[in-house]
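Spelled out, the chains give:
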Amino acid sequence: MKEKHLFWLLFVLLGISLFINGSINPLFLEEPRRAIVALEMYLQDNLFVPTLYGEFYYRKPPFFNWVILGSMQLFNDHPEFACRAVSVVSFLLMGLLTYFFCKKFHSEKLGQMASLLFLTSVHLLFYGSLFAEIDLFYSLITYASILSLYVFYQGNNKLLYFLSIYLLSAIGLLTKGAPSMVFLGVSLLAHLSITRNWRWFFSWQHVFSGLLFLGVLASFAFAYNQFNPIQNLVNAVLKQSSDQTVVNHGFGKALLHVITYPTEVIRDLLPVSLFVPFLLIKPMREKLWNDPMLRFISVLFLANILVYWISPGTRSRYVYMLYPMAVILCSWLFLEASKIYDWIEKTLRGLNLFIIAACAIAMCALPLFASKLGLENVSIALSVLSVLLLMMGGYWSFRKRFSTQMWLLIALLIFARFQFDLFALPARAAQGEHLQYRVHGQRIAELTKDHKLWLYRYDTVGDEASLKFGHGFYIEWNRQDVLHSIDSKNCDDIFLTQDFEVKDNRFELLYEFNQREDHWLLVRFTDCD
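All values reported here derive from a predicted model rather than from experimental measurement.

What counts and what doesn't
- Residues numbered from 1 in each chain as written.
- Predicted model: local features only at pLDDT ≥ 70, side-chain atom pairs only at ≥ 80, totals over all residues.
- Heavy atoms only, no water.
- Phe/Tyr/Trp six-rings, centres within 6.5 Å; stacked < 30°, edge-to-face > 60°.
- Helix = DSSP H or I, 4+ residues; strand = E, 2+ residues; numbered from the N terminus.
- Buried < 20%, exposed > 50% of the residue type's maximum accessible area, 1.4 Å probe, protein only.
- Lys NZ or Arg CZ within 6 Å of the ring centre and 35° of its normal.
- Pairing = 2+ DSSP bridges.
- Contact = heavy atoms within 4.5 Å.
- Expected span 1.5 Å × (residues − 1).
- Bend = angle between axes of the 7 residues up to and from the residue.
- Salt bridge = Lys/Arg side-chain N within 4 Å of Asp/Glu carboxyl O.
- Axes fitted to C-alpha atoms, helices over the stretch in contact; angles between N-to-C directions.

Caption draft 1: Geometry of the packing of aromatic side chains. According to the stated counting rule, one finds 45 aromatic pairs in the structure shown. Their ring planes at 85° and their centres at 5.1 Å tell us that tyrosine 161 and tryptophan 200 sit as a pair that is edge-to-face. Residue tyrosine 161 is found in helix α8 (residues 158–176), and its partner tryptophan 200 is found in helix α10 (residues 198–201); the two are separated by 39 residues along the sequence. Comparing tyrosine 161 with tryptophan 200 shows no difference in burial state: the two are buried. One aromatic cluster is present, formed by Phe7, Trp8, Phe11, Tyr99 and Phe100 through successive ring pairs. Here the guanidinium or amino end of arginine 295 rests over the ring plane of tryptophan 289, the centre of that ring lying 5.6 Å away.

Caption draft 2: Region of interest: the pairing of strand β6 (residues 507–515). Sheet analysis places β6 next to strand β7 (residues 518–525), joined by 8 bridges and oriented antiparallel. When the bridges of β7 are listed, glutamate 508 appears paired with arginine 524. Hairpin remark: β6 followed by β7, antiparallel, with 2 residues in the connecting loop; positive phi at arginine 516, about 55°.

Caption draft 3: Spatial organisation of the environment of phenylalanine 19. Looking at where phenylalanine 19 falls in the secondary structure, it is placed in helix α1 (residues 3–19). Once the C-alpha coordinates of phenylalanine 19 and valine 88 are considered, the two residues, 69 residues apart in sequence, prove to be 7.5 Å apart. Every residue in contact with phenylalanine 19, bar those within four places of it in the chain, is listed here: Phe81, Ala85, Val88, Val89 and Leu92.

Caption draft 4: Main features of helix α4 (residues 79–105). For α4, built from 27 residues, the straight-helix expectation of 39 Å at 1.5 Å per residue is met to within 8% by its first-to-last C-alpha distance of 40 Å. Of all the bends found along α4, the most pronounced is centred on alanine 85 and spans about 30°. The element α4 is largely enclosed, with a buried count of 19 among its 27 residues.

Caption draft 5: Expanded view of the environment of asparagine 197. Within the secondary structure, asparagine 197 is located in the loop between α9 (179–195) and α10. Judged by its relative accessible area of 12%, asparagine 197 falls in the buried class.

Caption draft 6: Highlighting the pattern of salt bridges. Scanning all chains against the criterion turns up 17 salt bridges. A single salt-bridge network, built from bridges that share partners, covers Glu30, Arg33, Arg34 and Glu133.

Caption draft 7: Spatial organisation of the sheet that holds strand β4 (residues 484–486). One open sheet accounts for 5 strands, arranged β4-β3-β5-β7-β6; its pairing is mixed. Since the sheet does not close on itself, it has two edges, and those belong to β4 and β6, each with one partner. Here the average twist between neighbouring strands, direction ignored, is 30°. Strands in contact with helix α21 (residues 435–447) are β3 (453–456), β5 (494–498), β6 and β7; relative to β6, the strand with the most contacts, it is inclined by about 170°.

Structure, rendered in structure tokens:
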């Protein structure tokens, strides 16, 4: 099989694996917060001002909510799939951007390796791509803005050079806020520094693009200000960004972060990050630096990640847009080192055979221990098929059917993601505490049909941990109505409240559930006189 065909086969299989059982688990962690904000924008017919339980929501601007809402309209009966599909599609598009960028400006082989090794980096493959979070979508926008600098500079198109990064940064700013200003400034200055073409910086194309950028933001600010002062959103977004700095975390924590952060990035990007040590070889560094595209990637990666390297509040997901750049460099190191050192291919072959043997043993034993692992109805036929596929991979590895053993390692990681989808995700759906979100939400919606439902004496901003957003989302989704908080009671409507809020009242109990240490009641008051 030609490597081009093999690349597209693996890419398609990977794409399929990312969607399997995508809606089996209820929305949880930060997912329902994103979903409920998007849903309320639709229910209140206001696309400019995000709300949460009817109260103004200031943590993020609305662009990502528009995307989530569009996906909800497309997959109307499957909110979990609709929300998570945005992250998966963004993830795959980042892989495609990497492939086409490297193919155009370096080589197709580098594009193939970098794209697939990014998409199969262990952190993103088994964690980051699972959730309906803002980070992969935002990373796609930011990554595209950075790559556009090189694309249009090489094409000597000054207008598109500035228009692309400013317009994409405007979308980024309306998605996540202040970080886009940092990426915009750092990326522009870093690129112009290595090109030393400062005449572009002072060109009319730059001024025009900057004014258009300000125009987009001003238009949004004007629309938002019709419903709520824009300054409230600006202050909240700026405060959230400043919370990640040394000032709020202390010098000791900042120093520890500076020391440990590189190991976190290397861990996230396994297995390709194992080739980072080859940067210690001087001829390798010199060859990398002499390649214009690799020099651009190196400088832009280092310039942007430095901001997060010295910010102790940084989490892995904040820099997903820089991960494919790191993978491009590591993939190049792998390809170059493999030409020089025969032991690399031998080591990869040994690693692949070990993984195949371990997985085959695990798949054979799985039906025997499934119940103890919380896995019900494990298919013996599926286990047998998995073992046969592993044996086929082992045969190909032993007979050296690939130009590099890295192809098989990528295939094994995709195989592992399929197994994760088929076994781990159903087990999580059956046992995870987040299962109650969907169950309670649906039941409460059924009991309150044709009635007005209120949250009673609940601080939606300061006490958000008591009622999980998962409960709130499924209640609102099934009722198609915004859940507001109220301090006054009446005997006509139904109220969702904590037990201590109504201990001195008479009421009819309609439903109850526990959220860890909190006891929630669905009631109709009977002492209104």
